[in-house]
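As a plain string of letters, each chain reads:
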Amino acid sequence: MLKEKQVLLSLRDVKTHFPIKKGIIKRVVGHVKAVDGVTINIYRGETIGLVGESGCGKTTLGKSILQLVDSSSGEMYYDFDGEMKDLTKLSNAEMNAARKKLQIVFQDPHSSLNPSFTIFGSLQEPLKKFGVKSKAEREKIIGDLLEAVNLRREYMYRYPHEFSGGQRQRIGIARALCVNPELIVCDEAVSALDVSIQAQVLNLMQKIKEERNLTYIFITHDLSVVEYISDRIAVMYLGRIVELAYSEDLYANTKHPYTRALLSAIPVADLDKKSKRIILEGDVPSPVNPPSGCPFHPRCPEAIEKCKMDVPKLVEYTTNGRTHYASCHLLECK
Amino acid sequence: MEKSVVYKRKTKLDKKMDKLRVLEESGALKNQKKVNRYLRKFKNNKLAVAGVIVFIIILILCFAAPLFTKYDPGAIDVLNRLQEPSKSHILGTDKLGRDVFTRILYGGRVSIVVGLGSALGAAAIGVSLGCYAGYKGGFLDNVIMRISELMMSFPRIILVLLLVTIVGQSLNNLLIIFICTGWASMYRMARAQMLSLREEEYVQALKAFGINDFVIAFKHMLPNALGPIAVNITLSTAMFILQETSLSYLGLGVPLDISTWGNILNAAQDLRILRECYWMWLPVGIIISLFVLSVNFIGDGLRDSTDPTQQG
Amino acid sequence: MKNDVVLSVKNLKTFFYTNQRCNKAVNGVSFDIKRGKTLCIVGESGCGKSVTATSIMRLLPKLSRIEEGEIVYHSSKGDIRLDTLKKNGKEMRQIRGSEIAMIFQDPMTSLNPVYTVGFQVIENLKNHRKMSKKAAKSEAIRLLKDMGIPLPEQRVDEYPHQYSGGMRQRAMIAMAMSCNPKVLIADEPTTALDVTIQAQIFELMDKLKKENDTAVMMITHDMGVVAEMADDVAVMYMGNVVETGSVDQVLRKPSHPYTRALLESIPVLGRGKNQVIEPIRGVTPDPFDRPEGCQFGPRCDYYCDKCKTMPDEITIDGHMVRCWNYKEVLKDA
């Protein structure tokens, strides 16, 4: 596992709120609180899974980390060769350098590649930007990358529509790797693939991670996949992290009621492992008007009075000697 | 359980499918040359193909005019004015004795250039603006949108008339006026395309690399929006030719000494000519209709063939 | 036995004729749907499971047709051959919606956004049952309430965009169940929904199945859903059913190499980080360049010369498998 825990990325109370504008003068009438206070340390070399349902803010958080979406407040400190700098406050030149270290792999294999360009045409753009001047050199680098994702070099002259979903996803991974990043955000990278292809891509991603000493932030809604691939898992609900623990601890010693309900709701492909399902009432709420107090209290089967009024803090506990964070009033009472 | 065998009459579609099935099973279709799907769908559209043929015929007639007529379009021959169609003048002569057939052929050149030139010019401006503004959004986009709405809500002909009286009549001026009034709809169309392409993941990936906005908008996104834009260009050409015709008929378009289809029609303002000298306005009218129809059919064919939801 | 089977599909073949090619999307598929039981058709994309459903409902697009085979609906009035009925004829339209109903994957696009939900439910009711306007409306409210939609009297006059994803799917199920169909076909009904909402929908479908004795045919790609919901399973690959049986038989003793490989390639919740997942080697073949004989051959660990001919259906004790070497597969399990 992790030898020395070196913090690569440290998020401090990151919030991303999107204003809702109405009327001719575009008055701001409210905010979509997509990410509502996320604090977490991500260590070099780990795979941290970010799970949750729609509206929980995991994709927005991923994009905020990459500065594709501007966060509204909070700091994101990244380790630039020993120096921790805030990603939200970088100058243009520094941001350019940062772009080489942080990359993203997307979900939809059909729209992740430009249909009018060959693979070479799409992948050479970032190489050109970051100074690889000669065409021959670019061809070599792209060829190497394609081979690293188990595709043939000659494929770089083909168009995206000639490839299957799984192959396109692998090309997306190759594209993310072409600038030699340190941190890769995988935004539902395997969700759109067939189950048997998912296995191929997951195994490939593990292999690449070990070869290149990468750090992954793996965003997904599929808990079975994330259990397999992650070291630690953060469960998000309405823009906040409600539980953060090591993979085994999350399943063996679930602390938060939402995580419990989520785990029980997942259909398991094993006839011997049928557990009683906790069916949650109501719908996944919208981040426009989050409930008062604990965001989960309207649907929580164990809610008490305090849950309606105070927002629980993310408190550190220990499970099996490892850190285990959860934000729930019920745990504090015990 | 009794097996009810119902005799199904084979429709034409059924027979086509049977043929395909036999071909496929014999392996004949496997190594087919990859004919471009768009071309094939286009070729199946009979109207579109007819449009292409008529378009090309008219184009050849006009631009290779010296091959088809020996007269000079400006050659005045007052002795032979207002002659009916005859062996020497197949479409007769006009008020000044000029050969009508020659005037139509040479006039076609100007009309087509005006139409095509205006469409391309309007597209150049409209698409460039729409591409960048649609991608960036924000203040710039808002400003240009308001300007385009202003241009589109003005009654077009009146705007053109105003500009003609201010700037004066000439071929170049007409082109400029058409382009200035025509860019707005191209802008809006290009912008709409950009808005939908903006959310594609490959655009996000380019942004994650920090690539320049201009490069993203023009080099990477624009090629994917060209389909509807090309269709729009063909349809605008037809529209501009008609506009030029209307203006020249009113005497406000290209100066009367240059022959254009509209200028030829101009003669029909005279009621006597309208009644007695059909050869002066009927053939031109037919040619204009044919040309505009053919361009419209081509545009429709292009649109249907590039539309992924149409089966074929 | 006869009383139990509501719909039998025998050797169904559906071919697509788009792009001037002939695509054998479904190439010989047989299964039975039993009353009060759920049959899960599981397979990956391109295997033909959705095409099977639309063939049964006779909702195929223009450039396709049912080539061969029988679809027999065992109605209370006798057996009806659905494949011989006119596609949009009176008989088929009468069956569609009232005796065999279908719910689709994307609840956002399955409901018409310009009509209220109540209008759409009532439309289905009025089409198949003789009802006054008032009676239809109260029936619609009752249906919405049964499906677990809160405040149905208010919701019946609302538009689809005012509903959440889970509620829209419930409204769809309400529409489908409004005429108490004998068969309910569900094409990946929860793929577009969140996991906790998916659990709600499955509980609802289970309840309906038990109360109304409906035969359910559920199409899915998720083996977890199969384990939770199915009574019977049919595994499809490249247009053929490769294995059928009860969920116990197929999941505990997979006899077809594809079924086994599929089960081994998915991470299972609760097995931890150290579980081994083995991807299936190779890729699904191009439908226009199919391998000879058994379609899974090139990717199969048990391939032998005999596999150059399509294996017969071998049935033991209700467990059907299409593989010459099923004995070895069972032995290695």
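None of these values were measured; they are calculated from a predicted model.

Some remarks on the overall build of chain C
Across its full length, chain C holds twelve helices and twelve strands. Relative to a compact globule of 333 residues, whose C-alpha radius of gyration would be 20 Å, chain C shows 21 Å and is just as compact. Taken along the three principal axes of its C-alpha coordinates, chain C extends 65 × 50 × 45 Å. The buried share of chain C, reckoned over its 333 residues, is 50%. By sequence separation, contacts in chain C at least 24 residues apart represent 63% of the contacts at least 6 residues apart.

Let's talk about the overall build of chain A
A tally of regular secondary structure across chain A gives eleven helices and twelve strands. A compact globule built from 334 residues would reach a C-alpha radius of gyration of about 20 Å, and chain A, at 21 Å, matches this within 12%. Each principal axis of the C-alpha distribution contributes one length, and for chain A these read about 65 × 60 × 45 Å. In chain A, which comprises 334 residues, the proportion classed as buried is 45%. Long-range pairs, those at least 24 residues apart, make up 64% of the contacts in chain A between residues at least 6 apart in sequence.

Looking at helix 7 (residues 165–177) of chain C
Quick reminder: α-helices carry 3.6 residues per turn. Residues three or four places apart thus point the same way. All names here are of chain C. Taking 1.5 Å per residue as the helical rise, helix 7 with its 13 residues ought to reach 18 Å, and the 18 Å between its terminal C-alpha atoms agrees with that figure. When you tally the buried positions in helix 7, you get twelve out of 13 residues, the bulk of the element. Of all the residues in helix 7, the buried ones are Gly166, Met167, Arg168, Gln169, Arg170, Ala171, Met172, Ile173, Ala174, Met175, Ala176 and Met177. Buried residues along helix 7 sit against strand 6 (100–103), helix 3 (107–110), helix 4 (117–128), helix 5 (133–146), strand 7 (183–187) and helix 8 (195–212).

Focus on the sheet that holds strand 5 (residues 78–81) of chain C
All names here are of chain C. Strand order in this open sheet of four strands is 2-1-4-5, and the pairing throughout is antiparallel. Looking along the sheet, the strands with just one partner apiece sit at the ends: strand 2 (23–34) and strand 5. Adjacent strand axes in the sheet meet at a mean angle of 5° when their direction is disregarded. As defined by bridge partners, strand 4 (residues 64–75) adjoins strand 5 across four bridges and the pair is classed as antiparallel. Its bridge partner being in strand 5, His74 is matched across the sheet by Asp79.

Brief notes about the environment of Ala205(B)
Along the polypeptide, Ala205(B) turns up in helix 9 (residues 201–208). Expressed as a C-alpha distance, the spacing of Ala205(B) and Ser170(B), which sit 35 residues apart in the sequence, is 49 Å. The residues touching Ala205(B), leaving out its near neighbours within four places in the chain, are Phe106(A), Ser112(A) and Arg175(A).

Some remarks on the interface of chain A and chain B
Opposite the 20 residues of chain A that make contact, chain B presents 14 residues. Elements supplying a minimum of two residues to the side of chain A that touches chain B: helix 2 (92–99), strand 6 (102–105) and helix 3 (119–129) of chain A. For the side of chain A that touches chain B, the element with the most residues is helix 3 of chain A, which contributes four residues. Considering only residue class, the side of chain A that touches chain B consists of eight nonpolar, seven polar and five charged.

Notes on unusual backbone geometry
Positive phi, close to 50°, is recorded for Asp81(A), a residue that is not glycine. We classify Asp81(A) as exposed; it has 5 C-beta atoms within 10 Å.

What to know about the interface of chain A and chain C
The interface is formed by 33 residues belonging to chain A together with 39 residues belonging to chain C. Looking at the side of chain A that touches chain C, the elements that each hand over two or more residues are helix 6 (195–212), helix 7 (223–229), helix 8 (247–252) and helix 9 (257–265) of chain A. Looking at the side of chain A that touches chain C, its residues break down into 17 nonpolar, eight polar and eight charged.

Some thoughts on the packing of helix 5 (residues 100–136) of chain B against helix 8 (residues 171–197) of chain B
When two helices pack together, their arrangement is captured by the angle between the axes and the distance separating the axes. Residues and elements named next belong to chain B. At a closest axis distance of 5 Å, the pairing of helix 5 and helix 8 adopts a crossing angle of 40°. The angle between helix 5 and helix 8 places the two elements in the oblique class. Crossing geometry of helix 5 relative to helix 8 is assigned as right-handed.

Some words on the packing of helix 5 of chain B against helix 10 (residues 213–250) of chain B
Residue and element names in this part refer to chain B. Relative to each other, helix 5 and helix 10 sit at 150°, their axes nearing to 7 Å. As for how helix 5 packs across helix 10, the hand of that crossing is right-handed. Residues of the contact of helix 5 with helix 10, tallied by class, amount to 19 nonpolar, five polar and three charged.

A few points about the environment of Lys306(A)
Residues and elements named next belong to chain A. Mapped onto the elements, Lys306 comes out in helix 10 (residues 305–309). On the basis of neighbour count, Lys306 is assigned to the partly exposed category, with 15 C-beta atoms found within 10 Å. In this structure, the C-alpha to C-alpha distance between Lys306 and Gly293, residues 13 residues apart in sequence, is 8.0 Å.

A look at the sheet that holds strand 2 (residues 27–43) of chain A
Residues and elements named next belong to chain A. Read across the open sheet, the four strands follow the order 2-1-4-5; overall the sheet is antiparallel. Single-partner strands in this sheet number two, and they are strand 2 and strand 5 (83–86). Each adjacent strand pair in this sheet contributes to an overall mean axis angle of 25°, direction not counted. Both strand 1 (residues 7–22) and strand 2 contribute to a ladder of 13 bridges, which runs antiparallel. The residue bridging Ser10 from the neighbouring strand is Asn41, located in strand 2.

Brief notes about the nonpolar core
The biggest cluster of nonpolar side chains holds 257 residues, and the ones touching the most others in it are Ile217(A), Cys40(C), Ala171(C), Ile185(C) and Val235(C). For this core, the element with the most residues is helix 5 of chain B, which contributes 17 residues. What Val235(C) contacts, discounting residues up to four positions off in sequence, is Val42(C), Gly43(C), Val241(C), Val242(C), Glu243(C), Val250(C), His256(C), Tyr258(C) and Thr259(C).

Concerning the pairing of strand 7 of chain C
Residues and elements named next belong to chain C. In terms of burial, strand 7 is a largely internal element, five of the five residues being buried. On strand 7, burial covers both faces: Val183, Ile185 and Asp187 on one face and Leu184 and Ala186 on the other are all buried. Pairing of strand 6 with strand 7, which is carried by four bridges, proceeds in the parallel orientation. In the strand pairing of strand 7, Met102 is matched with Ile185. In terms of strand pairing, strand 7 meets strand 8 (residues 215–220) through five bridges, oriented parallel.

Section: the pairing of strand 11 (residues 315–319) of chain A
Residue and element names in this part refer to chain A. Pairing between strand 11 and strand 12 (residues 322–326): five bridges, direction antiparallel. Each bridged residue has a counterpart across the sheet, and for Tyr317 the counterpart in strand 12 is His324. Adjacent in sequence and paired antiparallel, strand 11 and strand 12 are bridged by two residues, among which Asn320 carries a positive phi angle near 55°.

Some thoughts on the environment of Gly297(C)
Note on placement: Gly297(C) falls in the loop between helix 11 (257–264) and strand 11 (314–316). In this structure, Gly297(C) is in contact with Pro291(C), Tyr303(C) and Cys307(C), ignoring residues within four places of it in sequence.

Cut-offs applied
- Residues numbered from 1 in each chain as written.
- Chains lettered and ligands numbered in written order.
- Predicted model: local features only at pLDDT ≥ 70, side-chain atom pairs only at ≥ 80, totals over all residues.
- Helix = DSSP H or I, 4+ residues; strand = E, 2+ residues; numbered from the N terminus.
- Rg over C-alpha atoms; globule rule 2.2 N^0.38 Å.
- Buried ≥ 20, exposed ≤ 12 C-beta atoms within 10 Å, placed from the backbone.
- Contact = placed C-beta atoms within 7 Å.
- Expected span 1.5 Å × (residues − 1).
- Pairing = 2+ DSSP bridges.
- Axes fitted to C-alpha atoms, helices over the stretch in contact; angles between N-to-C directions.
- Nonpolar A, V, L, I, M, F, W, Y, C, P; charged D, E, K, R; others polar.
- Parallel < 35°, antiparallel > 145°, perpendicular 65-115°, else oblique.
- Left-handed = near helix turned anticlockwise from the far one by under 90°.
- Core = buried A, V, L, I, M, F, W, Y, C linked by C-beta atoms within 7 Å.

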